[in-house]
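Below are the chains, spelled out letter by letter.
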Amino acid sequence: MNPENSPEILPPIEVPREKLSPEIIDALIEEFVLREGTDYGAVEISLQKKKEQVEKQLLKNDIKIVFDFTAGSATLMTAQQFKRLALQKTS
(Lines give C-alpha, C1' and ligand atoms only; values in the text may rest on other atoms or scores of the structure.)
Protein backbone atom coordinates (compact mmCIF):
# COMPACT_ATOMS: atom_id res chain seq x y z
CA MET A 1 0.00 0.00 0.00
CA ASN A 2 1.26 3.46 -0.85
CA PRO A 3 1.88 5.44 2.39
CA GLU A 4 0.84 8.64 0.61
CA ASN A 5 -2.66 7.23 0.06
CA SER A 6 -3.16 5.82 3.54
CA PRO A 7 -5.57 7.77 5.73
CA GLU A 8 -4.10 9.89 8.47
CA ILE A 9 -4.61 8.38 11.90
CA LEU A 10 -5.57 11.13 14.29
CA PRO A 11 -4.83 10.67 17.98
CA PRO A 12 -7.70 10.91 20.46
CA ILE A 13 -8.31 14.35 21.88
CA GLU A 14 -9.51 15.57 25.23
CA VAL A 15 -12.81 17.43 25.02
CA PRO A 16 -13.21 20.31 27.46
CA ARG A 17 -16.33 19.75 29.55
CA GLU A 18 -17.40 23.35 28.87
CA LYS A 19 -17.97 22.34 25.22
CA LEU A 20 -20.62 19.78 26.18
CA SER A 21 -24.09 20.15 27.62
CA PRO A 22 -24.80 18.87 31.14
CA GLU A 23 -27.07 16.23 29.60
CA ILE A 24 -24.28 14.88 27.40
CA ILE A 25 -21.83 14.82 30.32
CA ASP A 26 -24.40 12.99 32.45
CA ALA A 27 -24.94 10.41 29.68
CA LEU A 28 -21.18 9.88 29.31
CA ILE A 29 -20.81 9.45 33.07
CA GLU A 30 -23.68 6.95 33.22
CA GLU A 31 -22.26 4.96 30.30
CA PHE A 32 -18.85 4.92 32.01
CA VAL A 33 -20.31 3.74 35.32
CA LEU A 34 -22.37 1.00 33.70
CA ARG A 35 -19.41 -0.12 31.59
CA GLU A 36 -17.25 -0.46 34.73
CA GLY A 37 -19.62 -3.07 36.16
CA THR A 38 -21.84 -3.34 39.18
CA ASP A 39 -19.95 -5.52 41.65
CA TYR A 40 -18.81 -3.21 44.46
CA GLY A 41 -18.14 -5.88 47.07
CA ALA A 42 -19.96 -6.15 50.38
CA VAL A 43 -21.47 -2.65 50.18
CA GLU A 44 -23.75 -1.89 47.25
CA ILE A 45 -23.34 1.63 45.84
CA SER A 46 -26.27 3.26 44.07
CA LEU A 47 -25.96 4.36 40.46
CA GLN A 48 -26.44 7.97 41.55
CA LYS A 49 -23.65 7.76 44.15
CA LYS A 50 -21.28 6.16 41.65
CA LYS A 51 -22.10 8.90 39.11
CA GLU A 52 -21.33 11.53 41.77
CA GLN A 53 -17.97 9.88 42.42
CA VAL A 54 -17.13 9.92 38.72
CA GLU A 55 -18.22 13.56 38.46
CA LYS A 56 -15.75 14.45 41.22
CA GLN A 57 -12.98 12.55 39.41
CA LEU A 58 -13.87 14.42 36.22
CA LEU A 59 -13.60 17.75 38.01
CA LYS A 60 -10.18 16.75 39.42
CA ASN A 61 -9.00 15.70 35.93
CA ASP A 62 -8.53 12.09 37.06
CA ILE A 63 -11.06 11.16 34.37
CA LYS A 64 -11.13 12.77 30.95
CA ILE A 65 -13.75 13.24 28.25
CA VAL A 66 -12.13 11.86 25.11
CA PHE A 67 -13.13 11.89 21.45
CA ASP A 68 -11.61 9.08 19.41
CA PHE A 69 -11.58 9.89 15.70
CA THR A 70 -11.07 6.24 14.77
CA ALA A 71 -14.16 5.11 16.68
CA GLY A 72 -16.03 8.34 15.92
CA SER A 73 -17.31 8.63 19.45
CA ALA A 74 -16.74 10.27 22.81
CA THR A 75 -16.21 8.42 26.05
CA LEU A 76 -14.76 8.83 29.52
CA MET A 77 -11.49 7.25 30.50
CA THR A 78 -9.00 7.59 33.26
CA ALA A 79 -6.14 10.01 32.72
CA GLN A 80 -3.78 7.01 32.58
CA GLN A 81 -5.88 5.27 29.92
CA PHE A 82 -5.98 8.47 27.86
CA LYS A 83 -2.22 8.87 28.06
CA ARG A 84 -1.64 5.24 26.96
CA LEU A 85 -4.15 5.55 24.11
CA ALA A 86 -2.63 8.78 22.87
CA LEU A 87 0.84 7.19 22.87
CA GLN A 88 -0.42 4.12 20.97
CA LYS A 89 -2.16 6.18 18.30
CA THR A 90 0.88 8.36 17.65
CA SER A 91 3.46 5.58 17.48
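In what follows, the structure referred to is the one given above.
Let me sum up the structure you'll find in this document. Just so you know, these numbers come straight off a predicted model, no measurement behind them.

About the thresholds
- Residues numbered from 1 in each chain as written.
- Predicted model: local features only at pLDDT ≥ 70, side-chain atom pairs only at ≥ 80, totals over all residues.
- Heavy atoms only, no water.
- Helix = DSSP H or I, 4+ residues; strand = E, 2+ residues; numbered from the N terminus.
- Buried < 20%, exposed > 50% of the residue type's maximum accessible area, 1.4 Å probe, protein only.
- Salt bridge = Lys/Arg side-chain N within 4 Å of Asp/Glu carboxyl O.
- Core = buried A, V, L, I, M, F, W, Y, C linked by side-chain atoms within 4.5 Å.
- Contact = heavy atoms within 4.5 Å.
- Pairing = 2+ DSSP bridges.

### Quick look at the environment of Leu87
- On the secondary structure map, Leu87 appears in helix 3 (residues 79-90).
- For Leu87, a relative accessible area of 55% corresponds to the exposed category.
- Linking Leu87 and Pro11, residues 76 residues apart in sequence, is a C-alpha distance of 8.3 Å.

### Overview of the pattern of salt bridges
- Throughout the structure, instances matching the rule amount to six salt bridges.
- Of the charged contacts in the structure, one is a salt bridge between Lys64 and Glu14, with a shortest N-O distance of 3.4 Å. A residue pair is termed long-range when its members are at least 10 positions apart, and Lys64 in strand 2 (residues 63-68) and Glu14 in strand 1 (residues 13-14) qualify at 50 residues.
- Residue classification places Lys64 among the buried positions, given a relative accessible area of 12%.
- With a shortest N-O distance of 3.6 Å, Asp62 and Lys60 are connected by a salt bridge.

### Some points on the nonpolar core
- If you look at the biggest cluster of nonpolar residues, it comprises eleven residues: Val15, Ile25, Leu28, Ile29, Phe32, Val33, Val54, Leu58, Ile63, Ile65 and Leu76.
- Where this core is concerned, the elements lending two or more residues are helix 1 (22-36), helix 2 (47-59) and strand 2.
- Sort the elements by how many residues they give to this core and helix 1 lands first, with five residues.
- Ignoring any residue separated from it by four or fewer positions in sequence, one finds Ile65 in contact with Ile13, Glu14, Val15, Arg17, Leu20, Ile25, Leu28, Leu58, Thr75 and Leu76.

### Topic: the pairing of strand 3 (residues 73-78)
- Looking at chain direction, strand 2 and strand 3 are connected through six bridges and run antiparallel. From the neighbouring strand, Lys64 faces strand 3, where its bridge partner is Met77.
- Taking the residues between adjacent antiparallel strands as the criterion, strand 2 and strand 3 are bridged by four residues, where Gly72 takes a positive phi near 70°.

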